[in-house]
Amino acid sequence: MQHITILGSTGSIGVSTLDVVARHPDRYRVHALTAQNKVEELAAQCAQFHPHVAVVGSAEAAQKLQVLLRGLGLQTQVEYGPAALCAVASAPECDCVMAAIVGGAGLAPTLAAARAGKKILLANKEALVMSGPLLMEAVAASGAILMPIDSEHNAIFQCMPAAFHQQQRTPAQHGIEKILLTASGGPFLNRALDTLDQVTCAEAIAHPKWVMGRKISVDSATMMNKGLEVIEAHWLFGVPADRIEVVIHPQSVVHSMVSYIDGSVLAQLGNPDMRTPIAHAMAYPERIASGVAPIDLIKIAQLTFEHPDLLRFPCLKLAYDALQAGGSAPAIMNAANEIAVQAFLDGRIGFRAIDQLIARVMAALPSSPVTDIDTVFEQDRRARDTAASFI
């Protein structure tokens, strides 16, 4: 029996995780659920899964949640704020942490889980993008287990030899030549370039294959999500930037591939449903039912691949640039992107202004060494302030 804490339980990843938990009551119990401000949804989850602790973002939300839980006759303890997130992520009663809080807010509790030696199901890209060296050092020092949840990184994990995950050897020593990260291309893969400045919010969040939150959907439309995944893959698997290749694959059936020096290319295929990588990571090295049907290759009939157009997706190049620069550059880029995407969602800037704003912030704030979490947060704050001033 594993006791699991789900950081961001009302988001799409959190909901999918609870779906897998519900299918295996003999294997998993919920220790804690957290949400920023979706109090009614969190209360409903508490009613079904009876966590020991529920965490929200503010005192006001906590008071509202307490009233709802009291009306349901539940004894779930209610906490709020960043410190409470770190506490439930590192609690002795917790075996496994689903890190699914979107954005920089997920960094501190993910680090807390790593330092406490937990099994971490990592769905939060920003934890590695902002502070890859710090998180990997914490994992190594505590003996924590880091399992990727992004469908692409989970696919790469599955395509690598088991010995790679168990030994302190480089990818090259295992014969790994290159990682191929697949990308759907989002909703604007074939849209005329000269019309992208007219993209609306509704169009940007209408992903053709995946059901995701608004911010992540916009990141998919700009392909910043793939840029973040390039940085994430670098830290997860120890592969340099020039050996991580992004490949457009609109069908979203091949989730990623690993190329070996003998000419072999191993791929992981499946329907576009996050319950597959979630179930894999939760049960690894075993396999459990996820509720996802197997793919029908005859029905799909065709799989296509192409190189990404960096004129269409300049955010992808910005991410490679940040990874090459190192230090605080990825954190600066990530913070600028979060501000830019929110400004677009709020109708304050146009779609093509997103990459332009990120580039301006990166040019204005040169990279500096990342030595501790306070440095990361300071660089994050400076980038957000700079982006806001440019807007």
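Heads up: the structure comes first, above all this text.
Residues numbered from 1 in each chain as written. Predicted model: local features only at pLDDT ≥ 70, side-chain atom pairs only at ≥ 80, totals over all residues. Heavy atoms only, no water.

> Is there a simple way to think about the side chain of Gln45 in this case?
Along the polypeptide, Gln45 turns up in helix H2 (residues 39-49). With residues up to four places along the chain from it excluded, the contact list for Gln45 reads Ser9, Thr10, Val15, Leu18, Leu33 and His50. (Helix = DSSP H or I, 4+ residues; strand = E, 2+ residues; numbered from the N terminus. Contact = heavy atoms within 4.5 Å.)

> In this structure, what is going on with the side chain of Asn337? I would like to understand it.
By secondary structure assignment, the location of Asn337 is in helix H15 (residues 329-345). For Asn337, a relative accessible area of 0% translates into the label buried. Apart from the residues lying within four places of it in its own chain, the contact partners of Asn337 are Lys215, Asp219, Met224, Ile354 and Ile358. (Buried < 20%, exposed > 50% of the residue type's maximum accessible area, 1.4 Å probe, protein only.)

> Would you mind showing me how to read the pattern of salt bridges here?
Two side chains of opposite charge can pair, provided their charged atoms sit close to one another. Under the defined criterion, the tally for this structure stands at 19 salt bridges. Between Lys125 and Glu229 there is a salt bridge, and its shortest N-O distance comes to 3.5 Å. Of this pair, Lys125 sits in helix H6 (residues 125-142) while Glu229 sits in helix H11 (residues 224-237), and the two are 104 residues apart along the sequence. Taking the relative accessible area as the measure of exposure, Glu229 reaches 2% and is therefore buried. The partner of Arg275 in a salt bridge is Asp273, with the nearest N and O atoms 2.9 Å apart. With a relative accessible area of 16%, Arg275 lands in the buried category. (Salt bridge = Lys/Arg side-chain N within 4 Å of Asp/Glu carboxyl O.)

> Whenever I open this one, the sheet that holds strand E3 (residues 53-56) confuses me. Can you help?
Two strands in a sheet stick together by hydrogen bonds in their backbones, pointing the same way (parallel) or opposite ways (antiparallel). Spatial ordering of the open sheet is given by E4-E3-E2-E1-E5-E6-E7, a layout of seven strands whose pairing is parallel. The open sheet terminates on both sides in strands that have one partner only, identified here as strand E4 (77-80) and strand E7 (145-148). Across the sheet, the mean angle from the axis of one strand to that of its neighbour is 25 degrees, orientation sign disregarded. Strands in contact with helix H3 (residues 59-71) are E3 and E4; relative to E4, the strand with the most contacts, it is inclined by about 165 degrees. (Pairing = 2+ DSSP bridges. Axes fitted to C-alpha atoms, helices over the stretch in contact; angles between N-to-C directions.)

> Just to check I follow, could you spell out the sheet that holds strand E8 (residues 176-183) for this structure?
Read across the open sheet, the four strands follow the order E9-E8-E10-E11; overall the sheet is mixed. Since the sheet does not close on itself, it has two edges, and those belong to strand E9 (244-248) and strand E11 (265-269), each with one partner. Within the sheet, the average angular offset between the axes of one strand and its neighbour, ignoring direction, is 20 degrees. As judged from the five bridges shared by E8 and E9, these two strands associate in the parallel manner. The residue of E9 that forms the bridge with Ile179 is Ile244.

> Would you take a moment to explain the state of the cysteines for this structure?
Note: disulfide means a covalent bond formed between the sulfur atoms of two cysteine side chains. For the coordinates displayed, the defined rule picks out zero disulfides. In this model Cys94 remains outside any disulfide bridge; the closest cysteine sulfur is found in Cys96, 6.9 Å from its own. The thiol of Cys201 is not disulfide-bonded; the next cysteine sulfur, from Cys315, is found 16 Å away. (Disulfide = S-S within 2.5 Å.)

> For this particular structure, what's the right way to read H6?
Each full turn of the α-helix corresponds to 3.6 residues, which orients residues three or four apart in the same direction. The first and last C-alpha atoms of H6 sit only 21 Å apart over 18 residues, clearly below the 26 Å expected at 1.5 Å per residue. Of all the bends found along H6, the most pronounced is centred on Ser131 and spans about 110 degrees, while Pro133, a proline, follows it within four residues. Three or more residues of H6 are buried, namely Lys125, Glu126, Ala127, Leu128, Val129, Met130, Ser131, Gly132, Leu134, Leu135, Ala138 and Val139. Between the side-chain oxygen at the start of H6 and the backbone nitrogen of Glu126 there is a gap of 3.3 Å, and the oxygen is on Asn124. Gly143 sits one or two positions beyond H6 and adopts a positive phi of about 80 degrees. (Expected span 1.5 Å × (residues − 1). Bend = angle between axes of the 7 residues up to and from the residue. Polar contact = N/O pair within 3.5 Å; in protein donor to acceptor, adjacent residues only side chain to side chain.)

> Explain the environment of Thr182 to me, please; I cannot follow it from the model alone.
Tracing the chain through its elements places Thr182 in strand E8. Taking the C-alpha atoms as reference points, Thr182 and His249, separated by 67 residues in sequence, lie 5.9 Å from one another. Beyond its immediate chain neighbours, meaning those up to four positions away, Thr182 contacts Glu152, Lys226, Val247, His249, Val254, His255, Ser256 and Met257. Only 2.8 Å separates the side chain of Thr182 from the backbone oxygen of Val254, close enough to count as a polar contact.

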